[in-house]
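# Breakdown of the fold
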Amino acid sequence: MAIHPDQRYLEGLLNNDNQLIEEVYRLFSPGVRIWIVQNSGSEDDAADIFQESLVDIYNQAKYKGLELTCPFQPFLLLVCKRKWLNEVKKRGLRPVTKSFDALSDHGEDVFAAAERVGMEEEKARLFLQQFQRLGEKCREILRLSLSGDRQEKIAEALGVTYGYLRKKKSECMATLMSYVSEKWVV
Amino acid sequence: MAIYTNEDIIRYVEGELSSEEKQKMEDDLRADVSLAAGVELYRQLKETLEQRLPADEGATAMQQTLRDMRGKYFGGAAGGGASGGGADVTSPSGEEPGAGGKVVKMKVRADVFRKYVVGLAAAAAILFAVVMLWPSDYLNTYGKTQMVGSAERGEGNDSLMEQASAYFNAGDFEKALPLLDQAFRKDSTNQTALFYRGVALLHTGGVDAARSDLLKVYAGGSLFQYEAAFYLALSYAQQKNNAVAKEWLDKIPAGAPGADKAAGLRRKLGVN
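Residues numbered from 1 in each chain as written. Chains lettered and ligands numbered in written order. Predicted model: local features only at pLDDT ≥ 70, side-chain atom pairs only at ≥ 80, totals over all residues.

### Things to note about the overall build of chain A
Convention followed: Runs of E in the DSSP output that reach at least two residues are strands. Runs of H or I that reach at least four are helices, and both are numbered from the N terminus. To sort residues by burial, count the other C-beta atoms lying within 10 Å of each one's C-beta; a count of 20 or more means buried, 12 or fewer means exposed, and anything in between means partly exposed. C-beta atoms are built from the backbone.
In terms of helices and strands, chain A carries eight helices and zero strands. Listing every helix and strand of chain A by position from the N terminus yields α-α-α-α-α-α-α-α. Within the span of chain A, comprising 186 residues, buried residues form 38% of the whole.

### Some remarks on the interface of chain A and chain B
Spelled out, the test is: Here, residues touch in the contact sense if the C-beta positions derived from the backbone fall within 7 Å of one another. Residues are grouped as follows: Ala, Val, Leu, Ile, Met, Phe, Trp, Tyr, Cys and Pro are nonpolar; Asp, Glu, Lys and Arg are charged; all remaining types, including Gly, are polar.
Taken together, the contacts link 44 residues of chain A with 45 residues of chain B. Those elements giving two or more residues to the side of chain A that touches chain B turn out to be helix 2 (18–38), helix 3 (43–64), helix 5 (108–133), helix 6 (136–145), helix 7 (151–158) and helix 8 (162–183) of chain A. Considering only residue class, the side of chain A that touches chain B consists of 26 nonpolar, nine polar and nine charged.

### Points about helix 1 (residues 6–13) of chain B
Those residues of helix 1 of chain B that sit buried are Asn6(B), Ile9(B), Ile10(B), Arg11(B) and Tyr12(B). Structurally, helix 1 of chain B contributes buried residues whose contacts are with helix 8 of chain A together with helix 2 (19–31) and helix 3 (33–52) of chain B. Taken from the residues just after helix 1 of chain B, Gly15(B) is the one with a positive phi, measuring 70 degrees.

### Overview of the environment of Ala245(B)
Residues and elements named next belong to chain B. Inspection of the secondary structure assignment puts Ala245 in helix 13 (residues 242–250). Separated by 20 residues in sequence, Ala245 and Leu265 place their C-alpha atoms 9.4 Å apart. Those residues within four positions of Ala245 in sequence are excluded, and the remaining contacts are Ala233, Tyr236, Ala237 and Leu269.

### Observations regarding the packing of helix 7 of chain A against helix 8 of chain A
A packed helix pair is summarised by two numbers, namely the angle formed by the two axes and the spacing between the axes. Residue and element names in this part refer to chain A. Put simply, the rule is: Between N-to-C directions, angles span 0 to 180 degrees; the directions come from axes that are lines fitted to C-alpha atoms, helices contributing only their stretch in contact. Angle categories are assigned with fixed cut-offs, so that under 35 degrees is roughly parallel, over 145 is roughly antiparallel, 65 to 115 is roughly perpendicular, and the rest are oblique.
At a minimum axis separation of 9 Å, helix 7 and helix 8 run at an interaxial angle of 95 degrees. Considering the angle they form, helix 7 stands roughly perpendicular to helix 8. Side by side, helix 7 and helix 8 meet where Gln151, Glu152, Ile154, Ala155 and Leu158 of the first sit next to Tyr162, Leu165 and Arg166 of the second. Split into classes, the residues belonging to the contact of helix 7 with helix 8 amount to five nonpolar, one polar and two charged.

Next up, the structure:
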């Protein structure tokens, strides 16, 4: 599928292009603000959701090679919408009743792309949250072991043998897997 | 069918099983959906951590831009700080009709905001005292160092390092940090930039990122190796983790750069 010209907004986020990011805010934030405020949220909620959605899109573009094959506006609105619906559920607010007018004439691919971003980012957040539950030693070992540096060098830096480092890394990852498995089904 | 632990899964993905064990596991993988899900979970987990644990300077810069825009395009307490303006300057061009009604709402918010500010200021003062004053005691007592000039770098990096050193030596670590970062990204063998970036990060509160830099410097075996060990010790001392601080101090031999400061810190921590 062809890349949509609005891919430039993703490039703008990746390159921290002030002008393009400002364009995103100028063009698309009013719609999100109105919709969230109409659906039990505050202006601050809208600002948070808008900002977090852009960070999610940045992460997906950076780490998962996300490319836009649809216009940016409905895609962004759907990412925001999904995020706000989760928040409404979490806070036990009144269910969302107003629909997003700007989304009425867009195809399934936009919904699928936005859903994928939401799911992937929820998963990444969970992984990182559970990582924080590990002890300090485990976090340090994993942080270093997964940094791409040679394992022998890392073992030396930590003052342990290579075999010990490998064993500890495996134990720490196994613990992390069990933490994640408690919360997530692949 | 065999029962597999998470560690078996890790060994399989890391290619650490014998050929018989691997064959057996692959047979079981075809029949056991939950085992296959475990393998997939480990792969995703590892990939995510590899990608997202290292500090992402690009994301930090982009998020700062988002905070600035938030202040400009959204009202409310959180956004007001970023734009530096009050509630009356938050209307972007192309604002939907009815903005006049919002002014009243924003005035009410301003009162609430003021209360928040008072509360936040009190909380911030306590936080400042706890996080900055107490821990930086060790940092200010033992963590002083001066950046020395660098003569062997390329032209562009020389100028960067000079600017960084001016800020660093003046104690303006916030300004030194991006320059050191830039210098290191231009030349990833620049151990001087990496070491001082680590120290600057420590001074600006980025303890995890500081440790990551300093560990690399220590592992690199350059002239900064033992100084890096000293700052690693200092980072743990700040968090009252004297046992790990001592482990790092123990790595510094007598006569090595940083040995004098290490001896001082040892005495202070009582870990001789």
